[in-house]
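# Understanding the architecture of this molecule
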Amino acid sequence: MKKILKLNGFTRPPLQPTTHRATPGATDRKFQWKFFQAAMNARGLHDAEEGTIYWERQEGGSLLCGEHCLNNLLQGSYFNSVQLSEMALVLDKEESKLTGSQGYSQNVDPEGNFSVQVLRAALLNFGEIELFSPSSEDMRKEGKDWTKEEGFVVNRSSHWYSIRKLDGKWWDLNSLAHAPQSISDFHLGGVLTQLESSGATVFIARGKMPAVQSDMQHPNWHSIAELRAMADGETGSSDTSS
């Protein structure tokens, strides 16, 4: 495993989330949900479930899953593709000094796929958050309590996404999904074991996560009730088409 050092050529992003472009289509979905909420309130109905989640959705044709993975893990728009690309170039220079090799980047490809080294360096420079790779034996060990962790980063078929504990509940924040999916404490171990068995790589994210500061005016912030409605809508459309 390569040793990841702090990058002297990269400026640490601000601890406060930066202004981030909205996920395409998210503004329309947010407006529709706000309209629905207003109708509920007019009838005296309110969300039965409190809580908010930051979730960036990856649109078709986009390969910036590494960016979405990091922001979903940290719960805010902390990184963008330009920052991560600059970090990849710094890593390339550091690696070329050690190996003397020149050529194509090993840390970012033309489509915008970032290596684990970039994600590791980004989290380390951000707030001393480290990615640890548990052994296969640990992943399959019965009785292993994964609920004590705060988050996981998954690479499955070259796609990055995160799993995060928020307000005591686990969420699969896959940017390719129709909506985040909740995971119970009981099923978390089984989900991680299944991922590892299917060939995915699971990393534990340990360190000081930033305080979550929700902004419901931002299109990538969602209420729990909104996300459940989105998931129910996808299920309903699937049932109709079958």
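If you're wondering where the values come from, they're calculated on a predicted model, not measured in any experiment.

A count of helical and extended segments in the protein chain gives seven helices and eight strands. When the 242 residues of the protein chain are sorted by exposure, 45% land in the buried category. Excluding contacts between residues fewer than 6 apart, the proportion of contacts in the protein chain whose partners are at least 24 apart in sequence is 68%. If you sum the accessible surface of the protein chain, you get close to 13,200 Å²; carbon and sulfur atoms cover 51% of it.

In this section: unusual backbone geometry. For Gln75, which is not a glycine, the phi torsion comes out positive at approximately 60°. Its location among the elements puts Gln75 in the loop between α2 (65-74) and α3 (81-99).

So, on to the packing of α3 against helix α4 (residues 116-127). Packing of α3 against α4 leaves a shortest axis separation of 10 Å and a crossing angle of 110°. Of the possible angle classes, the one that applies to α3 and α4 is roughly perpendicular. Contact residues: α3 offers Leu84, Met87, Ala88, Leu91 and Glu95, while α4 offers Gln117, Val118, Ala121 and Ala122. Taken together, the residues that form the contact of α3 with α4 break down as seven nonpolar, one polar and one charged.

By the definition in use, this model includes six aromatic pairs. When the centroid spacing of 6.2 Å and the interplanar angle of 70° are considered together, the rings of Trp146 and Phe152 count as edge-to-face. For the pair formed by Trp146 and Phe152, the shared burial category is buried. With 5.5 Å between their ring centres and 40° between their planes, Phe152 and Trp170 make a pair best called tilted. A residue pair is termed long-range when its members are at least 10 positions apart, and Phe152 in strand β3 (residues 151-156) and Trp170 in strand β5 (residues 169-172) qualify at 18 residues. Here the two residues Phe152 and Trp170 agree in accessibility, since each one is buried.

Turning next to the pairing of strand β4 (residues 159-166). By the criterion of burial, β4 is predominantly enclosed, with seven of the eight residues buried. Two strands pair when backbone bridges link them, and β3 and β4 are joined in this way by six bridges, in the antiparallel orientation. Paired with Asn155 across the strands is Trp160, a residue of β4. Between β3 and the antiparallel strand that follows it, β4, lie two residues; Ser157 among them carries a positive phi value of about 55°. One ladder, built from four bridges, connects β4 with β5; its direction is antiparallel. Within β5, the residue paired with Leu166 across the bridge is Lys169.

Okay, the environment of Ile204 next. Checked against the element boundaries, Ile204 lands in strand β7 (residues 201-206). A relative accessible area of 3% places Ile204 in the buried class. Sequence-wise, Ile204 and Pro134 are 70 residues apart; in three dimensions their C-alpha atoms are separated by 7.4 Å. Leaving out residues up to four positions away in the same chain, Ile204 has contacts with Glu130, Leu131, Phe132, Pro134, Trp146, Glu149, Gly151 and Phe152.

This brings us to the nonpolar core. One finds Leu74, Phe79, Leu119, Val153 and Trp160 to be the most contacted residues of the largest nonpolar core, which totals 28 residues. Mapped by element, the contributors of at least two residues to this core are α2, α3, α4 and β7. Per-element tally for this core: the top contributor is α4, with seven residues.

Rules used throughout
- Residues numbered from 1 in each chain as written.
- Predicted model: local features only at pLDDT ≥ 70, side-chain atom pairs only at ≥ 80, totals over all residues.
- Heavy atoms only, no water.
- Helix = DSSP H or I, 4+ residues; strand = E, 2+ residues; numbered from the N terminus.
- Buried < 20%, exposed > 50% of the residue type's maximum accessible area, 1.4 Å probe, protein only.
- Contact = heavy atoms within 4.5 Å.
- Areas by Shrake-Rupley, 256 points an atom, 1.4 Å probe, with all protein chains shown as cover.
- Axes fitted to C-alpha atoms, helices over the stretch in contact; angles between N-to-C directions.
- Parallel < 35°, antiparallel > 145°, perpendicular 65-115°, else oblique.
- Nonpolar A, V, L, I, M, F, W, Y, C, P; charged D, E, K, R; others polar.
- Phe/Tyr/Trp six-rings, centres within 6.5 Å; stacked < 30°, edge-to-face > 60°.
- Pairing = 2+ DSSP bridges.
- Core = buried A, V, L, I, M, F, W, Y, C linked by side-chain atoms within 4.5 Å.

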